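So you can see what is in the structure, the chains are spelled out below.
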Amino acid sequence: MSALGDQIKQRLAAGGAISVERFMELALADPQYGYYMTRDPLGTEGDFTTAPEISQMFGELIGLWAAEVWTSMGRPNPVRVIELGPGRGTLMSDALRAARVVPEFRAALDVTLIETSPPLAQMQYDALLTAGAPIAWRGAFAEAPEGPAIILANEFLDALPIRQYERRGGQWRERVVRLDSAGEFVFDLADKPEPYLNTEADEGAVIEVGAVAHRFMFDLAARLAKQGGAALFLDYGHAISGFGDTLQALRAHTPVSPLSEPGECDITAHVDFAAMARSARAAGATVHGPIDQGDFLRALGIDVRARALGERSPGRASEIDTARRRLVGKGENEMGALFKAMAVANRAIPAPPGFQPSPAKPA
Ligand code: SAH
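Residues numbered from 1 in each chain as written. Predicted model: local features only at pLDDT ≥ 70, side-chain atom pairs only at ≥ 80, totals over all residues. Heavy atoms only, no water.

Turning our attention to the site of the ligand. Neighbouring residues of the ligand: 17 residues in total, closest Thr-50, Gly-85, Gly-87, Glu-115 and Asn-154. Side-chain polar atom of Thr-50 to an oxygen atom of the ligand: 2.5 Å apart, as the coordinates give it. For the ligand, an oxygen atom lies 2.6 Å from a polar atom in the side chain of Glu-115. When the free accessible area of the ligand is taken as 570 Å², the share hidden by the protein chains comes to 90%. Considering only residue class, the shell around the ligand consists of 9 nonpolar, 6 polar and 2 charged. (Near = heavy atom within 4 Å. Polar contact = N/O pair within 3.5 Å; in protein donor to acceptor, adjacent residues only side chain to side chain. Areas by Shrake-Rupley, 256 points an atom, 1.4 Å probe, with all protein chains shown as cover. Nonpolar A, V, L, I, M, F, W, Y, C, P; charged D, E, K, R; others polar.)

Dropping the structure here:
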């Protein structure tokens, strides 16, 4: 068992239980042993791969997206460009390079990276050393500088801990983690039912509540409503709220039990975009989407960009097209439909690129 697993077991040895939310929070973010605190989880050597690591086109298109949103905001100077959970810094590096085609935007932007992981912050620093933009790091979104902002987040929301409730005997109980008689982690249900949950559902149904994400989204949307700007969230998840246990863990690109080796595997949950949209609207912002990532990237011109890159380096054309297909394709093992794009924006801003209704087809 991992060091963190042993530590949690000691706490539970006297017969206690912790919520799934707390277990996930410790597994990912324990200051000493948390998964993100101790490593770079990305890439073929790591546990999972993300869109910006698949192709430079992803970050480049988002950089151009940001430049257009800046124009529609009335070209504020300075404009805060804030990225949540920037991983290796690849998305920001590609975005800043692409944004060079709009020099006034490049000159106005001031970048803040929100990162809790020391090793990843170091990788971001190295990746962005020559980016030619002012960049600062903060550990929490609330610490980002004020003012009109363009906020970017790829695979950030799925890393925030969720609560789960299960329907048993006509009542909802929170799912918890305990030790079984052999001293191993098992899922169980809280002793007391939840008096305020009264949704009808079948025996054994599970609902998930991203309370941390809700609060986060509310604060972010309130800031955009007050200070101006827009945010782009890309993540895997569902557009319509539903029932079901979506907690999952990956180690070396292979699914494992979320209870195995806490701190050593990546634990995530599907993002409930409908719930996120409700939080954002409640805080006074407008929501665009969610739409499929494939449709979003196509609307931004990924097909044209892939062809242009392929023509410039014919030796890499098929590799470029394979990456393009992985990002936009809607088949199994492709990200185009599993991943969604959603924008949260100040009401004064028109629908951002990619979220505009497509022009009516000529009759
Ligand atoms: N956006 C990157 C990385 C995704 S992995 C990419 O697409 O490649 C999730 C990222 O979120 C990591 O950088 C992780 O360290 C960061 N993270 C996780 N929880 C966080 C939190 N509560 N606050 C800030 N960053 C967090």
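Read on, since the account is not over.
Within the largest apolar cluster, 50 residues are counted, with the highest numbers of intra-cluster contacts made by Trp-65, Phe-105, Ile-150, Phe-296 and Leu-327. Examining the composition of this core, we find that 9 residues originate from one element, helix 4 (residues 56–72), more than from any other. If we ignore the near neighbours within four places in the chain, the residues touching Phe-296 are Trp-65, Leu-232, Leu-234, Ile-291, Ala-341, Pro-353, Gly-354 and Phe-355. Ranked by size, the runner-up nonpolar core spans 29 residues in total, among them Leu-84, Val-271, Phe-273 and Met-342. (Core = buried A, V, L, I, M, F, W, Y, C linked by side-chain atoms within 4.5 Å. Buried < 20%, exposed > 50% of the residue type's maximum accessible area, 1.4 Å probe, protein only. Helix = DSSP H or I, 4+ residues; strand = E, 2+ residues; numbered from the N terminus. Contact = heavy atoms within 4.5 Å.)

Another point: the sheet that holds strand 11 (residues 248–251). Judged by pairing direction, the sheet is antiparallel, and its 3 strands sit side by side in the order 12-11-13 without closing on themselves. Looking at the sheet topology across the chains shown, the edges are occupied by strand 12 (254–256) and strand 13 (266–268). Averaged over neighbouring strand pairs, the angle between their axes works out to 35 degrees when direction is ignored. Bridge count for strand 11 against strand 13 is 3 bridges, and the pairing is antiparallel. Bridge assignment links Leu-250 to a residue of strand 13, and that residue is Asp-266. (Pairing = 2+ DSSP bridges. Axes fitted to C-alpha atoms, helices over the stretch in contact; angles between N-to-C directions.)

Another point: the pattern of salt bridges. For the structure on display, the rule yields 26 salt bridges. Its salt-bridge partner being Arg-168, residue Glu-203 comes within 3.7 Å of it at the nearest N-O pair. You can see Glu-203 sitting in the loop between strand 8 (185–189) and strand 9 (206–209) and its partner Arg-168 sitting in strand 6 (residues 163–168), a full 35 residues away along the chain. Residue class for Glu-203 comes out exposed when judged on its relative accessible area of 52%. Relative accessible area serves as the criterion here: at 36%, Arg-168 is assigned to the partly exposed category. Of the charged contacts in the structure, one is a salt bridge between Asp-245 and Arg-175, with a shortest N-O distance of 3.2 Å. Highlighted residues: Asp-245 in the loop between strand 10 (229–238) and strand 11 and Arg-175 in strand 7 (residues 171–179), separated in sequence by 70 residues. Judged by relative accessible area, Asp-245 falls into the partly exposed class, the value being 41%. Overlapping salt bridges bring together Glu-166, Arg-168, Arg-175, Glu-203 and Asp-245 as one network. (Salt bridge = Lys/Arg side-chain N within 4 Å of Asp/Glu carboxyl O.)

What follows covers helix 2 (residues 20–29). Each full turn of the α-helix corresponds to 3.6 residues, which orients residues three or four apart in the same direction. Taking burial as the measure, the 10 residues of helix 2 include 7 buried ones, the bulk of the element. Considered for burial, the residues of helix 2 that qualify are Val-20, Glu-21, Phe-23, Met-24, Leu-26, Ala-27 and Leu-28.

Let us look at the pairing of strand 7. Counting buried positions along strand 7 yields 7 of 9 residues, so the element is predominantly enclosed. Taken together, the 2 bridges between strand 1 (residues 18–19) and strand 7 define a ladder with antiparallel strand orientation. Following the sheet pairing, Ser-19 is matched in strand 7 by Val-176. Relative to strand 7, strand 6 runs antiparallel, the two sharing 4 bridges. Across the sheet, the residue bridging to Glu-166 is Arg-173, located in strand 7. As paired strands, strand 7 and strand 8 are joined by 5 bridges and run antiparallel to one another. Counted as the bridge partner of Val-177 is Phe-187 from strand 8.

By themselves, these figures tell us nothing about what the structure is for.
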